[in-house]
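One-letter residues, chain by chain:
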Amino acid sequence: MNTLLRTRHYVDPSPFDPGTTEPIGTENEDFYRASSWQLIWWKFRRHKVALAAAFVLLAFYLMVPFVEVIAPYNQTKRNGDFLYAPPQGIHLMHEGRFVGPFVYPYKYSFDIETFRRVYTVDTSQPQPIRFFCRADAYEFWGVWNTNVHLVCPPENGTMFILGTDRLGRDLFSRIIYGARISLTIGLIGIAVSFTLGLFFGGLAGYLGGWVDHVIQRMIEILRSLPELPLWLALSAALPANWSPILVFFGITIILGLLDWPGLARAVRSKLLSLREEDFVKAAELMGASKQRVIARHLIPNFMSHLIASATLSIPSMILGETALSFLGLGLRPPVTSWGVLLNEAQNLAAVQLHPWLLFPMVPVIVVVLAFNFMGDGLRDAADPYH
Amino acid sequence: MISFLLRRLVTMAVTLFIISALVFFIIKLPPGDFLSNLIQELRAQGDNAAIAKAEFLIKQYGLDRPAWEQYLIWIGAMPGPNGFSGLLQGDWGWSFEYDKPVVDVVGDALWLTLLVNLAAVVFIHVVAIPIAIYSATRQYSIGDYIATFIGYIGLATPSFLLALILLYYLNRWFGVSIGGLYDAKYAGEPWTWDKIRSLLSHLIVPTIVIGLAGTASMIRRMRANLLDELGKQYYVTAKAKGLGPTKALLKYPFRMSLNPFIADIGNLLPHLVSGSVLVSLVLSLPTVGPILLSALKNQDQFLAGFILMFVALLTVVGMLISDILLAWIDPRIRMGGAR
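Residues numbered from 1 in each chain as written. Chains lettered and ligands numbered in written order. Predicted model: local features only at pLDDT ≥ 70, side-chain atom pairs only at ≥ 80, totals over all residues. Heavy atoms only, no water.

- Chain B is annotated in an unreviewed UniProt entry as Peptide/nickel transport system permease protein of Microvirga guangxiensis.
- Under the UniProt heading Sequence similarities (unreviewed entry), the entry covering chain B gives this text: "Belongs to the binding-protein-dependent transport system permease family."
- Its UniProt record, at the heading Subcellular location (unreviewed entry), says of chain B: "Cell membrane". (UniProt positions renumbered as here; feature names shortened; annotations may be inferred.)

- As annotated in an unreviewed UniProt entry, chain A carries the name Peptide/nickel transport system permease protein and comes from Microvirga guangxiensis.
- Annotation of chain A in UniProt includes, under Sequence similarities (unreviewed entry), the sentence "Belongs to the binding-protein-dependent transport system permease family."
- Annotation of chain A in UniProt includes, under Subcellular location (unreviewed entry), the sentence "Cell membrane".

**Overview of the sheet that holds strand 5 (residues 127–128) of chain A**
Residue and element names in this part refer to chain A.
Then comes step 1: Taken in spatial order, the three strands make up an open sheet running 1-2-5, and their pairing is antiparallel. Each edge of the sheet is formed by a strand with only one pairing partner; in this case those strands are strand 1 (91–94) and strand 5.
Then comes step 2: Here strand 2 (residues 97–103) runs beside strand 5; their pairing, made up of two bridges, is antiparallel. Across the sheet, the residue bridging to Phe102 is Pro128, located in strand 5. (Pairing = 2+ DSSP bridges. Helix = DSSP H or I, 4+ residues; strand = E, 2+ residues; numbered from the N terminus.)

**Some thoughts on empty space enclosed by the protein**
Then comes step 1: Tallied over the entire structure, the rule returns one cavity of 30 Å³ or more.
Then comes step 2: Empty space within the largest cavity amounts to approximately 40 Å³.
Then comes step 3: In terms of lining residues, the largest cavity is bounded by Leu225, Pro226, Pro229 and Leu230 of chain A together with Ile19, Val23, Leu308, Val311 and Ala312 of chain B.
Then comes step 4: Of all the elements in the fold, those that place two or more residues in the lining of the largest cavity are helix 9 (227–236) of chain A together with helix 1 (2–28) and helix 14 (301–329) of chain B.
Then comes step 5: Looking at which element gives the most residues to the lining of the largest cavity, the answer is helix 14 of chain B, with three residues. (1 Å grid on protein atoms, 1.4 Å probe; cavity = no way out; pocket = protein on both sides within 12 Å on 5 of 7 lines; lining within 4 Å. Points joined across faces, edges and corners; volume = space filled by probe spheres on them.)

**A word on the nonpolar core**
Residues and elements named next belong to chain A.
Then comes step 1: Core analysis: the biggest nonpolar cluster contains 173 residues, and Leu232, Leu331 and Trp338 have the highest contact counts within it.
Then comes step 2: Excluding its chain neighbours within four sequence positions, the residues that come into contact with Trp338 are Phe60, Ile175, Gly178, Ala179, Ser182, Leu183, Pro360, Pro363, Val364 and Val367.
Then comes step 3: Counting residues in each nonpolar core, the second largest holds eleven residues, with Leu271, Leu274, Ala288 and Phe302 among its members. (Core = buried A, V, L, I, M, F, W, Y, C linked by side-chain atoms within 4.5 Å. Buried < 20%, exposed > 50% of the residue type's maximum accessible area, 1.4 Å probe, protein only. Contact = heavy atoms within 4.5 Å.)

**Quick notes on the UniProt feature "domain: ABC transmembrane type-1" (unreviewed entry) in chain A**
Then comes step 1: Cross-referencing UniProt, the feature "domain: ABC transmembrane type-1" (unreviewed entry) maps to residues 179–375 of chain A in the present numbering.
Then comes step 2: Secondary structure within residues 179–375 of chain A divides into 80% helix and 0% strand; the distance between the first and last C-alpha atoms comes to 20 Å.

**Concerning the domain arrangement of chain A**
Residue and element names in this part refer to chain A.
Then comes step 1: The domain boundaries assigned to chain A delineate domain 1 (68–172) and domain 2 (178–382).
Then comes step 2: For domain 1 and domain 2, the distance between their C-alpha centres works out to 38 Å.
Then comes step 3: Summing both sides of the interface, domain 1 and domain 2 together bury roughly 1000 Å²; the carbon and sulfur share of this comes to 60%.
Then comes step 4: The three residues of domain 1 that bury the most area against domain 2 are Tyr84, Leu162 and Leu171, which together make up 47% of that side's buried surface.
Then comes step 5: Put simply, domain 1 and domain 2 have two salt bridges between them.
Then comes step 6: Taking the shortest distance from any N to any O, the salt bridge between Glu68 and Arg180 comes out at 3.0 Å.
Then comes step 7: The interface formed by domain 1 and domain 2 holds two residue pairs in polar contact (both at pLDDT 80 or more) in total.
Then comes step 8: Partitioned by chemical class, the residues of the side of domain 1 that touches domain 2 number six nonpolar, three polar and five charged. (Domains from an automatic or database assignment. Buried area = accessible area lost by both parts, 1.4 Å probe. Salt bridge = Lys/Arg side-chain N within 4 Å of Asp/Glu carboxyl O. Polar contact = N/O pair within 3.5 Å; in protein donor to acceptor, adjacent residues only side chain to side chain. Nonpolar A, V, L, I, M, F, W, Y, C, P; charged D, E, K, R; others polar.)

**Thoughts on the packing of aromatic side chains**
Residues and elements named next belong to chain A.
Then comes step 1: The full count for this structure, using the stated rule, is eleven aromatic pairs over all chains.
Then comes step 2: Between Phe199 and Phe200, the aromatic rings sit 5.2 Å apart at their centres with planes inclined by 75 degrees, giving edge-to-face as the arrangement.
Then comes step 3: Relative accessible area serves as the criterion here: at 48%, Phe199 is assigned to the partly exposed category.
Then comes step 4: Of the residues examined, Phe200 reaches a relative accessible area of 19% and is grouped as buried.
Then comes step 5: Of the aromatic side chains, those joined through ring pairs into one cluster are Phe199, Phe200 and Trp260. (Phe/Tyr/Trp six-rings, centres within 6.5 Å; stacked < 30°, edge-to-face > 60°.)

**Description of the interface of chain A and chain B**
Then comes step 1: In this assembly, 38 residues from chain A lie in contact with 41 residues from chain B.
Then comes step 2: Overall, the association of chain A and chain B removes approximately 3500 Å² of surface from exposure, summing both partners, and the carbon and sulfur fraction of that is 79%.
Then comes step 3: Interface area lost by chain A to chain B is led by Ile221, Ser224 and Pro226 of chain A, which between them contribute 14%.
Then comes step 4: Joining chain A to chain B, the criterion identifies one salt bridge.
Then comes step 5: Elements that contribute at least two residues to the side of chain A that touches chain B include exactly helix 8 (209–224), helix 9, helix 13 (290–326), helix 15 (348–353) and helix 16 (361–381) of chain A.
Then comes step 6: With nine residues, helix 16 of chain A is the single largest residue contributor to the side of chain A that touches chain B.
Then comes step 7: Here the side of chain A that touches chain B is composed, by residue class, of 28 nonpolar, four polar and six charged.

**What to know about the pairing of strand 6 (residues 130–140) of chain A**
The side chains of a regular strand alternate between the sheet's two faces.
Residues and elements named next belong to chain A.
Then comes step 1: When strand 6 meets strand 7 (residues 144–152), the two strands line up antiparallel, connected through seven bridges. Counterpart to Phe131 in the pairing with strand 7 is Val151.
Then comes step 2: Between strand 6 and the antiparallel strand that follows it, strand 7, lie three residues; Trp141 among them carries a positive phi value of about 50 degrees.

**So, the confidence of the model for chain B**
All names here are of chain B.
Then comes step 1: Predicted confidence across chain B gives a mean pLDDT of 79, with 91% of residues reaching 70 or more.
Then comes step 2: Of all secondary-structure elements in chain B, the lowest mean pLDDT belongs to helix 15 (residues 331–335), at 61, while helix 6 (residues 108–137) reaches the highest, 86.
Then comes step 3: Model confidence for the complex: the whole-complex pTM is 0.80, and ipTM, which rates the interface, is 0.77. (pLDDT = per-residue confidence, 0-100.)

**Observations concerning the UniProt feature "transmembrane region" (unreviewed entry) in chain B**
Residues and elements named next belong to chain B.
Then comes step 1: Listed under "transmembrane region" (unreviewed entry) in the UniProt record, and renumbered for this structure, are residues 9–27, 109–133, 145–170, 199–219, 261–283 and 303–329.
Then comes step 2: The distance from the first to the last C-alpha atom of residues 145–170 is 28 Å, and the span holds 92% helix and 0% strand.
Then comes step 3: Taken end to end, residues 199–219 has its terminal C-alpha atoms 28 Å apart, with 100% of it in helix and 0% in strand.

**Section: the domain arrangement of chain B**
Residue and element names in this part refer to chain B.
Then comes step 1: Segmenting chain B into domains produces domain 1 (31–91) and domain 2 (103–335).
Then comes step 2: If you average the C-alpha positions of domain 1 and of domain 2, the two centres end up 39 Å apart.
Then comes step 3: Contacts between the two partners involve nine residues from domain 1, matched on the other side by seven residues from domain 2.
Then comes step 4: Here domain 1 meets domain 2 over a buried area of about 680 Å², counting both sides, of which 66% is carbon and sulfur.
Then comes step 5: Contact with domain 2 buries area across many residues of domain 1, yet Phe34, Trp74 and Leu87 alone supply 60% of it, more than any other trio.

Following this line, the structure appears as structure tokens:
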């Protein structure tokens, strides 16, 4: 019967407008005519926290291509006179008078008794911060040599918004540079895990039988393993003589390699449950080919769910990278990521004296929270017909 | 029930077997190994006695054989240079870095790891259940909102960063050092009452830090489960018939909502163990975490392999226990086949 039906293909290729046979009321017309993606967007929009989180993430990711311009200093610029300088406040009012954003210069002395550098603030002369200005030179996108920055330290002055590290490098600039690595590693990692999850989950759900059985056991075993010790072991296996770029990709692949089982399981169960739905049966009875059923009916239906669960697993990737680099097994300098920056905070003595070294954890927590909120909103919106 | 148990035990044995192969593959991944690096170093120094010893160790542990034979010897499924002596026989191998048997290197760390994780599981349940009941029965109250908010924060704050923050602030404000699991003076001492007390007081912070994320997700899930059950007719009937609110709640919906709660231990454990390894590293707890890190960095393969097997065993056995509990509580599970 199946072959008979397939020979007579009844699916009309021309677009079908349900409104022609059964007119819909004008008041709900928008709603009924909206595509499912549009419905998802409408539903997501109502989730205010998720929407705010999405804008926060958008801001972070928009920053990624332009870090060189946004950061006031270059990431490797060492200010030899200002090692471990505490954060320099940005002020607006000088002696009761508005002068625009400025900093007070640091005076530096050495305390012979404690062997520590002491920075005193000289409040007599404000140094205004410059905007759209020229400072450290850099190569933009590896093509243009330029030295234009969004904000720069004052002429002959310094502007360490979040202080400096042991080599006198500006922490604020390094956090901005670190965003590039830390934020992309989550995206590349999820791409790896998404591909693997879609492949194995699709295979299991589509073929069934022993393939399904083997893949299910594989998923169970991988899910029963604690991730971090395995991440540690795998990243310890990366050869020490690899270039930083290779290590970056190695770490990303390691993060993605252990993350796919959750996604694969979601794909498999969605495929299995959707296969039984009436609309799939209808499509099959009308003689639609397997490819058409998969591409036009199954994938659009579970894609939104997949994107939502992928969003929810990006934070674990970002945290994984941060944890590995923090322990010294992940990315290595000169690559700058938030985890690499936190690696300096591993030494408790240094943190006691220079607490601003802990600051890179703020963007980590903000981004992870934002991804969680946005993922929750997406998950609620993923099924707009309920 | 017996056949269910047997089936689960067989599955567990197969799982552990596959995990052991995976672990062996991973620890063999880095090029070179501890001993051949050592021999090269010793050759440069011309220390012949030490070279002879290292070469003896290579023979002793069959490191000159093909990888698959090494694997079988390691797990004890094939006779090595000194007969069947592997994980199955309880011989955990030799730590080259410490020049001691692995069993002496890990020692107390195994029990302390178990203790820390157990404490975290207990903490999660003791804290999550009452909060979830409160949140579900007083939905949309201020307390519910506060619990939900704290839950979100707990879910998103990475445990090792939280540990770092606590380490810094507790030291700064109260002058307490929370590193380690007992005061430094007890290190290497036999277990006395004072040492146990010191251990318990040091256990508080790690337990909270490790358990926070799990607690948050447990509260969320249990609240949702309980809310589902509270809307059902049997609960309304029970209340209508005059059952007191506490009894009506604890007798029916609470028990129903506990079900997924137990099943969740299995999902929770891998994350918990992961978290405990990481937090141990930050707080320098004498668990297997710090030993694992140094073993991996130095390619001390038997030590690293054993610890990886141990943490895997911890989660796999935990899952087995949660499955058995679930089958015991819910007859539908064991009647309907393994899954």
